[in-house]
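# Analysis of the macromolecular model
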Amino acid sequence: MASRSRPAIRAVLIDLSGTVHIGSNPTPRAVEALQCLRSCRPAVPFRFCSNTSKESTADVIKRLRKIGFEIHDDPSMQRMEVWTSVGAVAQMLRAKQLKRPFFILSESTRKECASLLPPTSHDAPYDSVVIGLSPALLDYDNLTTAFRILVGEHDLSSPKNAPNERAVPLIATHKAKYIQSSGGLSLGPGPFVEALENASGVKAEIVGKPTRAFFEAVIDDMGLDPSNQAAGKVVIIGDDIQADLGGGAVELGLWRVLVKTGKYRSGDESRPGVEPPDEIFDSFAGFVDSLLVDTSRARL
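Residues numbered from 1 in each chain as written. Predicted model: local features only at pLDDT ≥ 70, side-chain atom pairs only at ≥ 80, totals over all residues. Heavy atoms only, no water.

### What about the environment of isoleucine 241?
Rule in force here: Strands here mean DSSP runs of E at least two residues long; helices mean DSSP runs of H or I at least four residues long; both are numbered from the N terminus. Buried residues are those whose accessible area, probed at 1.4 Å on protein chains only, stays under 20% of the maximum for their type, while exposed residues exceed 50% and partly exposed ones sit between those limits. Pairs of residues are marked as contacts when any of their non-hydrogen atoms sit within 4.5 Å.
Its location among the elements puts isoleucine 241 in the loop between β12 (233-238) and α8 (248-251). For isoleucine 241, a relative accessible area of 3% gives the class buried. Distance from isoleucine 241 to glycine 18, taken between C-alpha atoms, is 12 Å for residues 223 residues apart in sequence. In contact with isoleucine 241, other than residues within four places in its own chain, are Gly246, Arg256, Leu258, Asp268, Arg271, Val274, Glu275 and Pro277.

In structure tokens, the structure reads:
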């Protein structure tokens, strides 16, 4: 596929797993490329956008720093370079004023989400179901409990939900069908989310990539207006043509860059029903090299 002529770029959104690292190993020259992007002039602002739900946002930042990435993240100053679907879930729970979700999340991600919840009794009924990638918890018993909560049959001693009672929401960190792990492709949370949707009839609310709301929140944090195309394009770069570059990325007209690392497999960009990316690179570092050449030319 021939790449389109690149427009002016004013910001970059960067996927993490599969794009800049796989497990505890950076992708080729990714650490160096990030340093170059950070120090280039004129500056190109960027944010990391991760759908990870196996680790809390704090744990993601620790992992990145441990493998050599420089991360500037200071919540006290309202500056976040790393945006995760887990953080988005926490914000949604607070916005919806939910008090007692049933979590199918790892311990660290559950704690991050619960940190914004008001104190409530452990005897209170569950008012939502939150699901992410937690392999040890995605078993029959937990999925059945989640299903019963969604259809109003978890507490059989209580009357069935009245017709006008607020429905219990199903909230998912993301809906990726599979992820890249150190051992190869592995199931993501998507198939389990769809199983609950199918059984309960409740449509999941997805909060991470590639939802439009997630991208808009990150872009707004950088003080940019995504609708102002004349000022230049915002890039989203990732290894998954659908989970990173689909949905809201297409709706917002982001410049979509696919990299051939992580979960990428030959022909992903030309699968039926897929919106082809604007550019394809072998790696994140390859894209940064090309972007910096354009930036240097713009200074001349």
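### Let's talk about the sheet that holds strand β7 (residues 128-131)
Within a sheet, each strand pairs with its neighbour through backbone hydrogen bonds, oriented either parallel or antiparallel. Formally: Note: two strands are recorded as paired if DSSP finds a minimum of 2 bridges between them. In this description, a line fitted to the C-alpha atoms serves as the axis of each element, helices being fitted only across the stretch in contact, and the angle between N-to-C directions of two axes falls anywhere from 0 to 180 degrees.
Spatially, β6-β7-β8-β11 is the arrangement adopted by the four strands of the open sheet, whose pairing is parallel. Either end of the sheet is taken by a strand with one partner, and the two such strands are β6 (101-104) and β11 (205-206). Where strand β8 (residues 170-172) meets β11, two bridges bridge the pair, whose relative direction is parallel. Opposite alanine 172, over in β11, you have isoleucine 206 as the bridge partner. In the packing of helix α5 (residues 140-151) onto the sheet, the strands contacted are β6, β7 and β8, and the crossing angle to β6 comes to about 155°.

### Describing the side chain of serine 53
To keep it simple, the criterion reads: Counting of polar contacts relies on pairs of N or O atoms within 3.5 Å, with two restrictions inside protein: one atom must be capable of donating a hydrogen and the other of accepting it, and residues adjacent in sequence are counted only when both atoms are side-chain atoms.
Examined against the element boundaries, serine 53 turns out to sit in the loop between β4 (46-50) and α2 (57-66). You can call serine 53 buried: its relative accessible area is 1%. Within polar-contact distance, the side chain of serine 53 engages the side chain of threonine 173 at 3.3 Å. Aside from chain neighbours lying at most four places away, what touches serine 53 is Val86, Ser106, Thr109, Gly132, Leu133, Thr173 and His174.

### With respect to the pattern of salt bridges
Spelled out, the test is: A pair is scored as a salt bridge if a Lys or Arg side-chain nitrogen falls within 4 Å of a carboxyl oxygen belonging to Asp or Glu.
Scanning the entire structure with this criterion turns up 18 salt bridges. A salt bridge links lysine 209 to aspartate 15, with the shortest nitrogen-to-oxygen separation between them at 2.7 Å. Here aspartate 15 lies in the loop between β1 (9-14) and β2 (21-22) and lysine 209 lies in the loop between β11 and α7 (212-221), a separation of 194 residues in the sequence. The partner of arginine 38 in a salt bridge is glutamate 70, with the nearest N and O atoms 3.9 Å apart. With arginine 38 in helix α1 (residues 30-39) and glutamate 70 in the loop between α2 and β5 (82-84), the pair connects residues that are 32 residues apart, well separated along the chain. Judged by its relative accessible area of 17%, arginine 38 falls in the buried class. Residue classification places glutamate 70 among the partly exposed positions, given a relative accessible area of 39%.

### Re the packing of helix α3 (residues 85-95) against helix α4 (residues 107-114)
Using the following cut-off: Note on convention: near helix rotated counterclockwise from far helix by under a right angle means a left-handed crossing. Clockwise means right-handed. Under the convention adopted here, Pro, Cys and the residues Ala, Val, Leu, Ile, Met, Phe, Trp and Tyr are nonpolar, Asp, Glu, Lys and Arg are charged, and Gly plus all remaining residues are polar.
Two numbers describe how α3 lies on α4: the axes approach to 8 Å, and their chain directions differ by 35°. In terms of crossing hand, the pair formed by α3 and α4 is right-handed. For the pair α3 and α4, contact is made by Val86, Gly87, Val89, Ala90 and Leu93 and by Thr109, Glu112 and Cys113, respectively. Here the residues of the contact of α3 with α4 sort into five nonpolar, two polar and one charged.

### Quick word on the domain arrangement of the protein
Put simply, the test is: The domain boundaries here were taken from an automatic or database domain assignment. A quick way to say it: buried area is the sum, across both parts, of accessible area lost when two parts are put together, with a 1.4 Å probe.
Along its sequence, the protein is carved into domain 1 (9-51 + 209-298) and domain 2 (96-206). One C-alpha centre belongs to domain 1, the other to domain 2; they are set 30 Å apart. Across the contact, eleven residues belong to domain 1 and eight residues belong to domain 2. At the boundary of domain 1 with domain 2, total buried surface from both sides reaches about 810 Å², with 53% on carbon and sulfur atoms. Where domain 1 packs against domain 2, one counts zero salt bridges. Across the domain 1-domain 2 interface, the total number found is two residue pairs in polar contact (both at pLDDT 80 or more).

### Section: the environment of proline 277
As for its position among the elements, proline 277 is in the loop between β13 (255-259) and β14 (279-281). Under the relative-accessibility criterion, proline 277 is labelled buried at 3%. In sequence terms proline 277 and proline 135 are 142 residues apart; their C-alpha atoms lie 31 Å from each other.

### Comments concerning the nonpolar core
One broad rule of soluble globular proteins: the nonpolar side chains tend to lie buried together. As a reminder, the rule being used: By convention a nonpolar core is built from buried Ala, Val, Leu, Ile, Met, Phe, Trp, Tyr and Cys residues, the set being connected through side-chain atoms within 4.5 Å.
Counting 32 residues, the largest nonpolar core has Val12, Ile14, Ile237 and Phe287 as its most contacted members. At the level of secondary structure, the elements contributing two or more residues to this core comprise β1, α1, β4, α2, β12, β13 and α9 (284-299). Counting residues per element, this core draws most heavily on α9, which supplies six residues. Once you skip the residues sitting within four places of it in the chain, phenylalanine 287 turns out to touch Arg6, Val12, Val235, Ile237, Val257, Glu279 and Phe281. Among the nonpolar cores identified, the runner-up in size contains 21 residues, and Leu13, Ile219, Tyr264 and Val274 belong to it.

### Let's talk about the sheet that holds β1
Reading across from one edge, β5-β4-β1-β12-β13-β14 is the order of the six strands in this open sheet, with parallel pairing throughout. Strands with a single pairing partner mark the edges of an open sheet, and in this sheet they are β5 and β14. Along the sheet, successive strands turn relative to each other by an average axial angle of 25°, direction set aside.

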